[in-house]
Amino acid sequence: MTAKKSPQTALVHTDYQAPPGFAAFPSAIHHASTVLFKNVAAMRSGDWKEKNAYTYGLHGTPTTFTLEARLAEIEDGRHCLLAPSGLAAIAMVDFALLKSGDDVLLPDNVYNPNRELGKWLSADFGVTARYYDPLIGAGIADMIQPNTKLIWTEAPGSVSMEVSDLPAICQAAHARGVLVALDNTWSAGLALRGFELGADIIMQALTKYQSGGSDVLMGALITRDRALHERLSMAHMRLGMGVGADDAYLVLRGLPTLKLRFDAHDASARKLAAWLRTRPEISKVLHPAFEDCPGHAIWQRDFSGAGGLFSVLFDPSIPEARTDRFVDALKLFKIGYSWGGANSLVMPYRIAHMRQAWRDQGILVRFNVGLEDTVDLIADIEQALAAM
Ligand SMILES: *Cc1c(COP(=O)(O)O)cnc(C)c1O
């Protein structure tokens, strides 16, 4: 650009180029809605689906491509799509794979907003959503209908913690040509090898461990099969599922420490779970690494870790007012949804309202064990039990 620009044009047009010969560990943060093409031929040859070129911010930048590639690698997958939340990623699967007249099966302990989505699809979109016992295993074969297109699984249910037999469900599904989507958020994609066990699509809420900062909402869909990836890509494009560059960067920033953090959460959670098992107020500790948890044997067979999330059931003789007092009395455990960050969290659930099978159980309280010292966390729970 040689001719002198007017001040207004000069404000808009910059000759800024990323410095050549500059190298550093972090990925660069590329903000872009418009992506520039060298010429018309380059514009016409770029295919957003192939990711062989940058075409538009919504279809990816070097920052999001880097994050996608790294997430696919962690799960041993080939393709990855990012969504603005874990729930958006779940919805993208349903809208990509289901149409009016189809049937979808969800575990009865499914992440509750996924159940809500199922209800909406049933009420307004001509899809039937049916719910199966998460411990059904190979018995799922009896629930599969000719119009069943998709089975959701979760590893394990993030409130009541039952561990499903993923290989048995996948085997039954694949025998009938049904796809299986795994919500692998609980294991951060580290402790459960979803594709090896048969899942077709792995969904993760990056909001949790991957970000690790309690500051980002993001989701991912990872696949191995190219044709399936393309079906998901079409929904991704049609629904306009973009993620912001700064958020993608925050998730990238969390990845180097993901395994170390996950293992630290895991070790602390097991210490707390073991301690809680000795308390008379607690009737059951629902932690997949402990025998009380339904599906414990499956966890032992299929998982290599557990992370920081588990639940307890209070003795059924203890009324809700007292367990509420327990939760309110906690000081280090803050009351809040989500998990995977450095801070410990707690949440009481009215589980009897959520599932028939839980009618006569005590109050369920879920703990997300953060990265604080376990001595302090146990002392906090002890004083809150005394206060209740
Ligand atoms: C948090 C969570 C989601 C949804 O993630 P968001 O980013 O909060 O929408 C989905 N599944 C499970 C198991 C989760 O814990």
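Definitions and limits used
- Residues numbered from 1 in each chain as written.
- Predicted model: local features only at pLDDT ≥ 70, side-chain atom pairs only at ≥ 80, totals over all residues.
- Heavy atoms only, no water.
- Pairing = 2+ DSSP bridges.
- Helix = DSSP H or I, 4+ residues; strand = E, 2+ residues; numbered from the N terminus.
- Contact = heavy atoms within 4.5 Å.
- Axes fitted to C-alpha atoms, helices over the stretch in contact; angles between N-to-C directions.
- Near = heavy atom within 4 Å.
- Polar contact = N/O pair within 3.5 Å; in protein donor to acceptor, adjacent residues only side chain to side chain.
- Areas by Shrake-Rupley, 256 points an atom, 1.4 Å probe, with all protein chains shown as cover.
- 1 Å grid on protein atoms, 1.4 Å probe; cavity = no way out; pocket = protein on both sides within 12 Å on 5 of 7 lines; lining within 4 Å.
- Sits in = over half its atoms within 2 Å of the grid points.
- Points joined across faces, edges and corners; volume = space filled by probe spheres on them.
- Domains from an automatic or database assignment.
- Buried area = accessible area lost by both parts, 1.4 Å probe.
- UniProt positions renumbered as here; feature names shortened; annotations may be inferred.
- Buried < 20%, exposed > 50% of the residue type's maximum accessible area, 1.4 Å probe, protein only.
- Patch = residues over 30% accessible without salt bridge, like charges linked within 9 Å, V, L, I, M, F, W, Y side chains within 5 Å.
- Salt bridge = Lys/Arg side-chain N within 4 Å of Asp/Glu carboxyl O.

Details of the sheet that holds strand S11 (residues 345–349)
Then step 1. Across the sheet, which stays open at both edges, the five strands sit in the order S8-S9-S12-S11-S10 with mixed pairing between neighbours. In this open sheet, the two edge strands, each paired with only one partner strand, are strand S8 (282–286) and strand S10 (334–335).
Then step 2. Helix H9 (residues 258–277) rests against S8, strand S9 (309–314) and strand S12 (364–368) of the sheet, and its axis sits at about 10 degrees to S9.
Then step 3. Where helix H11 (residues 320–329) meets the sheet, its contacts fall on S9, S10, S11 and S12, and the angle it forms with S12 comes to roughly 15 degrees.

Let's talk about the site of the ligand
Then step 1. Around the ligand sit 15 residues, and of these Gly86, Leu87, Asp183, Thr207 and Lys208 come closest.
Then step 2. Residue Lys208 places a side-chain N or O atom 2.5 Å away from an oxygen atom belonging to the ligand.
Then step 3. Relative to its unbound accessible surface of 370 Å², the ligand loses 92% to contact with the protein.
Then step 4. Judged by the proximity of its atoms to the pocket grid, the ligand belongs to the second largest pocket.
Then step 5. Among the elements of the structure, helix H4 (86–97) and strand S6 (201–205) are those that each provide at least two residues to the shell around the ligand.

Description of the environment of Tyr54
Then step 1. Looking at where Tyr54 falls in the secondary structure, it is placed in the loop between helix H2 (40–45) and helix H3 (62–75).
Then step 2. A sequence separation of 191 residues divides Tyr54 from Ala245, and the C-alpha atoms of the two residues are 14 Å apart.
Then step 3. Ignoring anything within four residues of it in the chain, the contact list for Tyr54 reads Val35, Phe37, Gly60, Thr61, Pro62 and Phe65.

Thoughts on the layout of surface pockets
Then step 1. For the largest pocket, the calculated volume is near 650 Å³.
Then step 2. Lining the largest pocket are 16 residues; nearest its centre among them are Tyr16, His30, His31, Ala32 and Leu36.
Then step 3. Quantified by volume, the second largest pocket comes out at close to 550 Å³.
Then step 4. Around the second largest pocket sit 33 residues that line it, and Tyr111, Asn112, Pro113, Ser158 and Lys208 are the ones nearest its centre.
Then step 5. Mapped onto the lining of the second largest pocket, the elements with two or more residues apiece are H4, helix H5 (112–124), S6 and helix H12 (351–354).

Some remarks on the domain arrangement of the protein
Then step 1. Domain boundaries in the protein define domain 1 (40–256) and domain 2 (258–387).
Then step 2. The centre of domain 1, based on its C-alpha atoms, is set 27 Å off from the matching centre of domain 2.
Then step 3. Across the contact, 35 residues belong to domain 1 and 35 residues belong to domain 2.
Then step 4. It is Val159, Trp186 and Tyr209 in domain 1 that bury the most area against domain 2; as a group they hold 26% of the surface buried on that side.

Description of the UniProt feature "modified residue: N6-(pyridoxal phosphate)lysine" (unreviewed entry) in the protein
Then step 1. According to UniProt, the "modified residue: N6-(pyridoxal phosphate)lysine" (unreviewed entry) feature falls on Lys208.
Then step 2. Mapped onto the secondary structure, Lys208 falls in the loop between S6 and strand S7 (219–223).
Then step 3. A relative accessible area of 10% means that Lys208 is categorised as buried.
Then step 4. Look past the residues within four positions of Lys208 in its chain and what remains in contact with it is Thr185, Ser338, Trp339 and Gly340.

A word on a nonpolar patch on the surface
Then step 1. Judged by side-chain polarity, Phe95, Trp120, Phe125 and Leu239 come together as a nonpolar surface patch covering roughly 370 Å² of accessible area.
Then step 2. Relative to the elements of secondary structure, Leu239 occurs in the loop between helix H7 (226–238) and helix H8 (245–254).
Then step 3. Judged by relative accessible area, Leu239 falls into the partly exposed class, the value being 44%.

Re unusual backbone geometry
Then step 1. Put simply, Ala155 and Pro156 share a cis peptide bond, and its omega is -20 degrees.
Then step 2. Mapped onto the elements, Pro156 comes out in the loop between strand S4 (148–154) and helix H6 (166–175).
Then step 3. A positive phi angle, close to 65 degrees, is found at Asp76, a residue other than glycine.
Then step 4. Tracing the chain through its elements places Asp76 in the loop between H3 and strand S1 (79–83).
Then step 5. The residue Ser214 is not glycine, and still its phi comes out positive at about 55 degrees.
Then step 6. Relative to the assigned elements, Ser214 resides in the loop between S6 and S7.

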